[in-house]
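Fold and geometry: a report
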Amino acid sequence: MPVRNRFANLLPELTAFRHDLHMHPELQYDVERTAGRVVEGLRAAGVDAIHEGIGRTGVVALIHGRGRSAEDPGRVIGLRADMDALPIAEATGAAHASTIPGKMHACGHDGHTTMLLGAAKHLAETRAFDGTVALVFQPAEEGGAGAEAMVRDGLIERFGITEIYGMHNSPLVPMGQFAIRPGPFYAAVDSFRIDVRGKGGHAARPNGTIDTTLAASAIVLAVQSVVSRNTDPQQPLVISVTAFRTDSEAFNVIPDAATLRGTIRSFDETTREKALADLRRVIDSTAAAYGATAAFHFEEEPYPVMENHATETGHAGDAARAVAGAVNMEAPRTTGGEDFAYMLRACPGAYIQIGNGPSAGLHHPEYDFNDEIIPIGCSYWVELTEQRLPVL
C-alpha cells in the first residue's frame, strides 16, 4: 500500500496544524498549549479515550479496532511522537516562523506530532485493525527525559502496551524514504559541566594570578586526548566542549572562575565508563598543572544508548517498505541522542528515520520540517498498525 489518498486530502489541514505548533514552540515539560492543541485534534478525530498528564504533560490516546473496547482491548501497540521545541532563535524567515523569541521547532517535533495526529484521524475513521492503538505524545525529549517520566508514570503497564514504535525525520535521508537498523542506533548522551577555579587579578600582572582562562583553555584541548589516545579506535566516542564562560567579561581582568559545558556520546557502556574515568583524570591533572582546580559534574540524567529490538525492527521495516517501496535496513548509527531509549528498555519496539530531504541540519536555526512528508509519515503509522494488528 503506497501513500494513502486520505492523507493527501488532509494535507492542507495537517500543514496548518503543524504551522500553528511551529509558531508557538514550547520547551521540555512546559508544553501545555501544544498538548492542548493535540487533545483538541484527538477529540475531533473521535478517539475512544484521552489521558492527559502522563509524565507531567504527556498525552496518551486510545483507539480500539473493530469489535474491541476498553473491556476487551486485544493486543495494544504504542506509537510515539515528541512535542517539545528547542531554545534556539529561528532564522528560517518562513511565514510560519516562531513567534516566541529564543524558541523554535528546530528538530521537527511539530511535524512528528502532526503525522501521528493525522494517523489518529484515519485510524479512528476506518478501524481496520484488530486490537488497540495507544498514541503517545511525549514532552521533554530535548533534555528532561520525558520518555522516562512517562514510563515511570506507568505508560507501558497502565495501557498494556506490548510493542512500541517511534519515528524521527532526518535531513540526511532522501525525502520520504526510510532508514533503520537493529541494535544500537542512537548514542548514549552524558551532559557535563566543569567548574574551574583559580585566582583572579589584573590582566597587567598575570604573575600574581592563577589564570583560570588559561587552565580552562588547556582543559578544552586536553579532553580530546581521551578520544584520540585513551579509547579503542573501534569504539565510537565523541566528546564536545560546547560552552566556555568566565565570571568576568572585562578586557583587563583575569577571572577567578570559568565554566565549561559539553557532551559525551558513546555506544558501549564499557567505553562510556572508561571515558568518564579518563576525563576526570585529565581534567584534574590539567588544572593542577596550571595551579588551578577543576570539578566535574553531570548536568542532567544521561540518556542511554537507544537500541532497536531485532524483531520489531523487522516489523517497522516491513511497514516502511509497503509505503515507500524500499527501506534502508542498515542505516548508519548516529551520535545524536534519543530518549525513546527509555521506552525501548521497558518494552520491545523500534525507532525509524523518515527522510526530510535536503535541508539545514537538525538543531540549526534555519532548519524546518518538510510538510511534503506528512502524508508519508501518516501512511507509515497506519500501515504499521494494520500489519501489527491484522483483521483475520
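In what follows, the accompanying structure is described. (Residues numbered from 1 in each chain as written. Predicted model: local features only at pLDDT ≥ 70, side-chain atom pairs only at ≥ 80, totals over all residues. Heavy atoms only, no water.)

**Let's talk about the overall build of the protein chain**
- Summing up its helical and strand segments, the protein chain has eleven helices and 15 strands in all.
- Taking 2.2 N^0.38 as the reference for a compact globule, 392 residues should give roughly 21 Å; the C-alpha atoms of the protein chain span a radius of gyration of 23 Å, in line with that estimate.
- Expressed along its principal axes, the backbone C-alpha trace of the protein chain runs to roughly 80 × 45 × 40 Å.
- Looking at the protein chain as a whole, 54% of its 392 residues qualify as buried.
- In the protein chain, 81% of the contacts between residues at least 6 apart in sequence involve partners at least 24 apart.
- Split by element, the accessible area of the protein chain, about 15900 Å² in all, is 51% carbon and sulfur.
- Seen as two clouds, the 33 positive and the 49 negative side-chain charges of the protein chain have centres 2 Å apart. (Helix = DSSP H or I, 4+ residues; strand = E, 2+ residues; numbered from the N terminus. Rg over C-alpha atoms; globule rule 2.2 N^0.38 Å. Buried < 20%, exposed > 50% of the residue type's maximum accessible area, 1.4 Å probe, protein only. Contact = heavy atoms within 4.5 Å. Areas by Shrake-Rupley, 256 points an atom, 1.4 Å probe, with all protein chains shown as cover. Lys, Arg positive; Asp, Glu negative; His and termini not counted. Charge placed at Lys NZ, Arg CZ, Asp CG, Glu CD.)

**Looking at the sheet that holds strand E10 (residues 237-246)**
- Spatially, four strands are ordered E10-E12-E8-E13 in an open sheet, and the strand pairing comes out antiparallel. This sheet does not close on itself; its edge strands, each paired only once, are E10 and strand E13 (293-298). The mean inter-strand angle of the sheet, taken between neighbouring strand axes irrespective of direction, is 20°.
- For strand E8 (residues 188-197) and E13, the ladder comprises six bridges, and the chain directions are antiparallel. Within E13, the position partnered with Phe192 by the bridge is Phe298. (Pairing = 2+ DSSP bridges. Axes fitted to C-alpha atoms, helices over the stretch in contact; angles between N-to-C directions.)

**Structural notes on the nonpolar core**
- Grouped together as the largest cluster of nonpolar side chains are 83 residues, with contacts concentrated most on Leu42, Leu135, Leu155, Phe178 and Tyr380.
- Membership of the second largest hydrophobic core comes to 23 residues, among which are Val196, Val226, Ala292 and Phe296. (Core = buried A, V, L, I, M, F, W, Y, C linked by side-chain atoms within 4.5 Å.)

**Structural notes on unusual backbone geometry**
- Here the phi dihedral of Ala140 falls at roughly 55°; this positive angle occurs in a residue that is not glycine.
- Secondary-structure assignment places Ala140 in the loop between strand E4 (132-138) and helix H4 (146-152).
- Judged by its relative accessible area of 0%, Ala140 is buried.
- We note that His363 has phi near 70°; this positive angle belongs to a residue other than glycine.
- In this structure His363 comes out as partly exposed when scored by relative accessible area, which is 38%.

**Considerations on the side chain of Asn356**
- One can find Asn356 in the loop between strand E15 (349-355) and helix H11 (374-388).
- A polar contact of 3.4 Å, which involves the side chain of Asn356, links it to the side chain of Ser359.
- Sequence-distant contacts of Asn356, that is, excluding residues within four places in its chain, are made with Asn169, Ser170, Pro171, Val173, Met175, Tyr367, Asp368, Phe369, Asn370 and Ile373. (Polar contact = N/O pair within 3.5 Å; in protein donor to acceptor, adjacent residues only side chain to side chain.)

**With respect to the packing of helix H3 (residues 109-126) against H11**
- Remark: H3 packs on H11, axes separated minimally by 8 Å, with the N-to-C direction vectors making an angle of 50°. The orientation of H3 with respect to H11, classified from their angle, is oblique. Our pair here, H3 against H11, has a crossing hand that is right-handed. Here Thr114, Met115, Leu116, Gly118, Ala119, His122, Leu123 and Thr126 of H3 come into contact with H11, specifically with Ile374, Gly377, Cys378, Trp381, Val382, Thr385 and Glu386.
- Tallied by class, the residues present in the contact of H3 with H11 amount to eight nonpolar, six polar and one charged. (Parallel < 35°, antiparallel > 145°, perpendicular 65-115°, else oblique. Left-handed = near helix turned anticlockwise from the far one by under 90°. Nonpolar A, V, L, I, M, F, W, Y, C, P; charged D, E, K, R; others polar.)

**Some remarks on the side chain of Arg388**
- Tracing the chain through its elements places Arg388 in helix H11.
- Arg388 gets classed as buried once you look at its relative accessible area, which sits at 16%.
- A polar contact is formed between the side chain of Arg388 and the side chain of Glu163, at a distance of 2.7 Å.

All we've got here are geometric facts, nothing functional implied.
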